[in-house]
Amino acid sequence: MEKGYLCIVLHSHLPYVRHPEYEDFLEEDWLYEAITETYIPLISVYNGLVKDGVDFRITMSITPTLCSMLADPLLQDRYVRHLESLIELSAKEVERTRWEPAFNRLALMYQAKFIETRQIFVDKYHKNILAAFKEFQDMGKLEIITCNATHGFLPLMEVNPKSVQAQVQVGANNYERFFGRRPRGTWLAECGYYPGVDRHVKEAGIRYFFVDTHAILHASPRPKYGVYAPIFCKSGVAAFGRDFESSKQVWSSIEGYPGDFNYRDFYRDIGFDLDFDYIKPYIHEAGIRINTGIKYYRITGKTDQKEPYNPDWARDSAGAHAGNFMHNREKQAEYLFDVMGKKPIIVAPYDAELYGHWWYEGPMFLDFLFRKLHYDQKTVKPITPSEYLEQNPRNQVSTPSLSSWGYKGYAEHWLDGSNDWIYRHLHKASDRMTELADTYKDATGLQRRALNQALRELLLAQSSDWAFIMKTGTVVQYAVKRTKDHILRFTRLYDDIKADRINEGWLADIEWKDNIFPEIDYRVHT
């Protein structure tokens with residue numbers, strides 16, 4: 001009989017980046033890289049576990065923006081084009097490296113992986129990999145949860161409760177469109193919680209969400225079992241807290257597994273390493289060097305002198321790390337079981353894109369871990385939050401504290417001198433959206449289209465990604481442009497609706513560009 005539960009949660013999210021007005025748009029590569037390096041490798045791991053009869057449980061959020069992009073025909077076709085370019089490049093690499101055995105082996109590995117990825121994406125799932133995740137959910141192995149509509153950071157939206165309500169409701173409605181039922185759980189963007197937000201979660205028919213460790217440890221009254229049992233908010237919605245110990249083993253830049261010297265080095269990519277004229281057809285059409293996904297070196301050590309990647313060594317490390325992770329969870333569960341007098345749940349959430357994209361061997365680690373949990377021990381059992389709540393319907397009532405899983409645990413990453421200018425515009429637009437929704441309750445035809453598009457533009461402007469990018473300083477120009485574009489489009493719609501002068505041609509153009517949430521109803525903002 002097990003002494004505790006392990007709940008692994010992968011948060012899958014990308015901002016909505018889709019530009020039909022350009023033939024080749026650089027930031028769309030974020031999606032293509034994640035499909036190749038994270039989502040399809042995870043699907044392959046799940047398929048392998050099912051095929052071999054390994055009973056596993058994993059929870060994944062797939063955010064509404066990511067769902068919408070994965071289901072978009074334009075992006076699906078562009079991804080196939082991207083993949084075919086990689087297959088062509090890898091074939092050239094096989095030829096170029098034929099006299100260098102260590103690199104030639106890797107070129108052949110990439111060529112085989114790209115061809116297999118195309119087979120899975122095009123032939124098996126007909127470009128719709130959401131269908132794959134839904135299959136695993138229907139089998140009871142995977143629990144897919146939703147997120148707020150565009151990953152809006154809710155603690156900084158508290159002054160506009162109608163926008164919080166819209167973020168949560170639109171996210172739940174979007175989930176229902178893709179997965180055929182209401183979501184049981186949600187990932188509050190950036191684990192951003194403030195007391196009272198759970199009421200909106202309950203109104204959307206959702207039973208649970210996740211918070212960072214300190215949200216539970218500072219909850220009122222103090223939870224008896226810490227983060228090792230969920231608490232019920234006064235609304236009746238359950239909050240699961242992140243376990244710090246299991247998180248640190250993967251996330252830590254110093255102690256974390258992904259820094260093992262045998263693992264693939266993310267930063268050495270042939271898109272930057274090889275001669276410009278050779279690589280030019282496979283980078284951005286403007287000549288901007290980009291990651292291709294073909295990387296030949298391992299981390300090696302704290303040195304710039306990198307050695308060739310050895311897949312066998314990396315596989316050995318992934319197996320050893322999975323065994324170490326399982327051993328630590330066993331000891332943790334045994335100790336907590338004795339202290340608590342009941343089975344603890346250890347919640348271990350990670351960004352999904354860490355697995356495969358940043359940590360190339362991450363999906364292999366999960367594969368080893370679930371097989372070891374199934375065959376090698378009886379102390380810890382994988383579980384989903386829904387299964388836990390069904391088995392443990394009585395939990396302490398408490399209110400988590402305001403928190404996030406960002407830098408220092410609160411809102412500093414999304415509100416500082418680099419991005420604070422956006423909020424007065426966002427708050428004003430939220431007030432105006434409420435005014436529109438209250439004024440035009442029964443709109444039809446062109447006016448209804450304009451009101452729905454106004455809400456789309458507001459939600460897209462509220463994405464936490466833009467403030468995050470401004471803070472980190474990566475592609476700031478793009479984040480600023482996206483924020484301004486959506487606010488300006490919203491403001492013109494507001495003025496046009498109020499003046500009864502909606503330009504149908506312009507409206508059709510922005511509906512074509514920002515086509516997310518076709519099911520949206522602006523009255524969700526009342």
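Scroll up to find the structure this text is about.
Here's a quick rundown of the structure. This structure is a prediction, so every number in the text was calculated from the model and none was measured. As a convention, each chain's residues are numbered from 1 in the sequence order in which they are written. Only residues with pLDDT of at least 70 are given local features in this predicted model, and only at 80 or more are side-chain atom pairs given and counted; all residues enter the totals for whole chains, interfaces and linings. Hydrogens and water are ignored here; the side-chain numbers use all heavy atoms of the structure.

Points about unusual backbone geometry
Here is the rule: Per the convention used, a helix needs a DSSP run of H or I reaching at least four residues, while a strand needs a run of E reaching at least two, with both numbered from the N terminus. To sort residues, take the accessible area from a 1.4 Å probe on protein chains only and compare it with the maximum for the residue type: under 20% means buried, over 50% means exposed, and anything in between is partly exposed.
Residue Pro221 is reached from Ser220 by a cis peptide bond, and omega for that bond is -5°. By the secondary structure assignment, Pro221 is in the loop between α8 (213-217) and β6 (231-232). Look at Lys408: it is not a glycine, yet its phi comes out positive at around 70°. The residue Lys408 is located in the loop between α14 (385-391) and α15 (422-439) in this model. On the accessibility criterion, Lys408 (56% relative accessible area) is exposed. With a phi close to 55°, Phe517 is a non-glycine residue in the positive phi region. With respect to the element layout, Phe517 can be found in the segment after α19 (504-513). Using a relative accessible area of 0% as the deciding quantity, one classes Phe517 as buried.

What about the layout of surface pockets?
Formally: A pocket, in this scheme, is an open set of points on a 1 Å grid over the protein atoms alone with protein on both sides within 12 Å along at least 5 of 7 lines, while a cavity is a set where a 1.4 Å probe fits but cannot get out; residues line either one if an atom lies within 4 Å of a point. Grid points are joined across faces, edges and corners, and a volume is the space filled by probe spheres set on the points. All residues other than Ala, Val, Leu, Ile, Met, Phe, Trp, Tyr, Cys, Pro, Asp, Glu, Lys and Arg, Gly among them, are scored as polar; the first ten of these are nonpolar and the last four charged.
Size it by volume and the second largest pocket reaches roughly 800 Å³. Sorting the residues of the lining of the second largest pocket by element identifies α1 (29-51), α3 (73-96), α4 (101-124), α12 (311-340) and α13 (362-375) as the ones contributing at least two each. For the lining of the second largest pocket, the per-class residue count stands at 17 nonpolar, nine polar and ten charged.

Observations regarding the state of the cysteines
Put simply, the rule reads: Counting rule for disulfides: a pair of cysteine sulfur atoms within 2.5 Å.
Counted by the stated rule, this structure contains zero disulfides. Free cysteine Cys147: the closest other cysteine sulfur is in Cys191, separated by 9.7 Å.

As for the side chain of Asn310
Put simply, the test is: Between N or O atoms, a polar contact is any pair within 3.5 Å; within protein, one atom must be a potential hydrogen donor and the other a potential acceptor, and residues adjacent in sequence are included only when both atoms are from side chains.
Mapping Asn310 onto the fold places it in the loop between α11 (276-279) and α12. Residue class for Asn310 comes out buried when judged on its relative accessible area of 17%. Within the local environment of Asn310, its side chain forms a polar contact with the backbone nitrogen of Asp312, the two atoms lying 2.9 Å apart.

Here's the deal with the nonpolar core
The condition that has to hold: Buried residues of nine kinds, namely Ala, Val, Leu, Ile, Met, Phe, Trp, Tyr and Cys, make up a nonpolar core once their side-chain atoms join them within 4.5 Å. By definition in these notes, contact holds between two residues if any of their heavy atoms fall within 4.5 Å.
Grouped together as the largest cluster of nonpolar side chains are 158 residues, with contacts concentrated most on Leu10, Tyr46 and Phe133. For this core, the element with the most residues is α1, which contributes eleven residues. Once you skip the residues sitting within four places of it in the chain, Tyr46 turns out to touch Leu10, Phe56, Ile58, Met60, Phe133, Phe136 and Leu142. Counting 20 residues, the second largest nonpolar core, distinct from the first, contains Ile145, Phe232, Leu389 and Trp405.

Details of the packing of α12 against α13
Two measures define how a pair of helices packs: the angle their axes make with one another and the distance between the axes. In plain terms, the rule: What counts as an axis is a line fitted to C-alpha atoms, over the stretch in contact for a helix, and the angles between N-to-C directions run from 0 to 180 degrees. Here roughly perpendicular refers to angles of 65 to 115 degrees, roughly parallel to angles under 35, roughly antiparallel to angles over 145, and oblique to all remaining angles. For any helix crossing, the convention is left-handed if the near helix is rotated counterclockwise from the far helix by under a right angle, and right-handed if that rotation is clockwise.
Packing of α12 against α13 leaves a shortest axis separation of 8 Å and a crossing angle of 45°. By the angle between their directions, the pair α12 and α13 is classed as oblique. The handedness of the crossing between α12 and α13 is right-handed. Judged by residue contacts, Arg315, Ala318, Gly319, His321, Ala322, Gly323, Phe325 and Met326 of α12 engage Met364, Phe365, Phe368, Leu369, Lys372 and Leu373 from α13. Per-class residue counts for the contact of α12 with α13 are nine nonpolar, three polar and two charged.

Describing helix α16 (residues 445-461)
For an α-helix, the turn length of 3.6 residues means that residues three or four places apart are oriented alike. Under the convention used in this document: Expected helix span is computed as 1.5 Å times (number of residues minus one).
With 17 residues, α16 should cover 24 Å at 1.5 Å per step; its first-to-last C-alpha distance of 25 Å lies within 8% of that length. Burial runs high along α16: twelve of the 17 residues are buried. Of all the positions in α16, only Ala450, Leu451, Asn452, Gln453, Ala454, Leu455, Arg456, Glu457, Leu458, Leu459, Leu460 and Ala461 are classed as buried.

Structural notes on the pattern of salt bridges
Short version of the rule: Note on definitions: salt bridges are taken to be side-chain nitrogens of Lys or Arg within 4 Å of carboxyl oxygens of Asp or Glu.
Taken as a whole, this structure holds 38 salt bridges when the rule is applied. In this structure, Glu176 engages Arg182 in a salt bridge whose closest nitrogen and oxygen atoms are separated by 3.0 Å. Since its relative accessible area comes to 34%, Glu176 is described here as partly exposed. We note a salt bridge from Arg449 to Glu511, for which the minimum N-O separation is 2.8 Å. Pair noted here: Arg449 is in helix α16 and Glu511 is in helix α19, with a separation of 62 residues, a long-range link. Ionic contacts of the salt-bridge type, sharing partners, join the residues Asp55, Arg57, Lys141 and Glu387 into one network.

Notes on the packing of aromatic side chains
Which entries qualify depends on this criterion: In summary, the pairing rule links any two rings of Phe, Tyr or Trp, Trp by its six-membered ring, whose centres are within 6.5 Å, and it sorts them by plane angle into stacked for under 30 degrees, edge-to-face for over 60 and tilted for everything else.
For the structure shown, the criterion picks out 35 aromatic pairs. With a centroid separation of 4.7 Å and an interplanar angle of 75°, the aromatic rings of Tyr79 and Phe121 are classed as edge-to-face. Note that Tyr79 is positioned in helix α3 and Phe121 in helix α4, a separation of 42 residues in sequence. In terms of burial, Tyr79 and Phe121 fall into one category: buried.

On their own, these measurements won't tell you what the molecule is for.
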